[in-house]
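Structural description and commentary
Below are the chains, spelled out letter by letter.
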Amino acid sequence: MRQCIFLYLLLLPWCLVESYGFWTILATIIVSYFMVGIEIIAETVEQPFGSSDDHIPLDEICNGLADSIREIVEPRVLPVRMAAEVTNPRRASGAKAARS
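Residues numbered from 1 in each chain as written. Predicted model: local features only at pLDDT ≥ 70, side-chain atom pairs only at ≥ 80, totals over all residues. Heavy atoms only, no water.

What follows covers the environment of Leu 11. Looking at the secondary structure, you find Leu 11 in helix H1 (residues 2–20). Look at Leu 11 and you get partly exposed, because its relative accessible area is 43%. As for Leu 11 and Thr 28, which are separated by 17 residues in sequence, their C-alpha atoms are 9.8 Å apart. (Helix = DSSP H or I, 4+ residues; strand = E, 2+ residues; numbered from the N terminus. Buried < 20%, exposed > 50% of the residue type's maximum accessible area, 1.4 Å probe, protein only.)

Under the defined criterion, the tally for this structure stands at 3 salt bridges. Where Arg 2 meets Glu 39, a salt bridge forms, and the shortest distance between an N and an O atom there is 3.9 Å. A residue pair is termed long-range when its members are at least 10 positions apart, and Arg 2 in helix H1 and Glu 39 in helix H2 (residues 24–46) qualify at 37 residues. Asp 67 is paired through a salt bridge with Arg 70; the nearest N and O atoms lie 2.8 Å apart. With Asp 67 and Arg 70 both in helix H3 (residues 58–73), this residue pair falls 3 residues apart, about one helical turn. Since its relative accessible area comes to 45%, Asp 67 is described here as partly exposed. Among the residues examined, Arg 70 registers a relative accessible area of 44% and is labelled partly exposed. Within the structure, one salt-bridge network assembled from shared partners comprises Arg 2, Glu 39 and Glu 43. (Salt bridge = Lys/Arg side-chain N within 4 Å of Asp/Glu carboxyl O.)

Quick look at the structure:
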């Protein structure tokens, strides 16, 4: 792709000179600036996983997911009163009604 951009920018002045005359230089510089900029951005985005500052922090994301999954899967220790309500909801609701 880089060779195509280079060839395009090399031939661009000859295509524009009849239409723009002296302004061909400025038009070529502007087009070159944007084309090279887009190429640099494409090269950076091409490989998003790495260790530099602008890469996706994949290790942190995976560690966060592992912590979330571990939290969901681990059994929880319930207080005695909550455990009684979970195991026998009828008795717990009857006790609440009797208190009221």
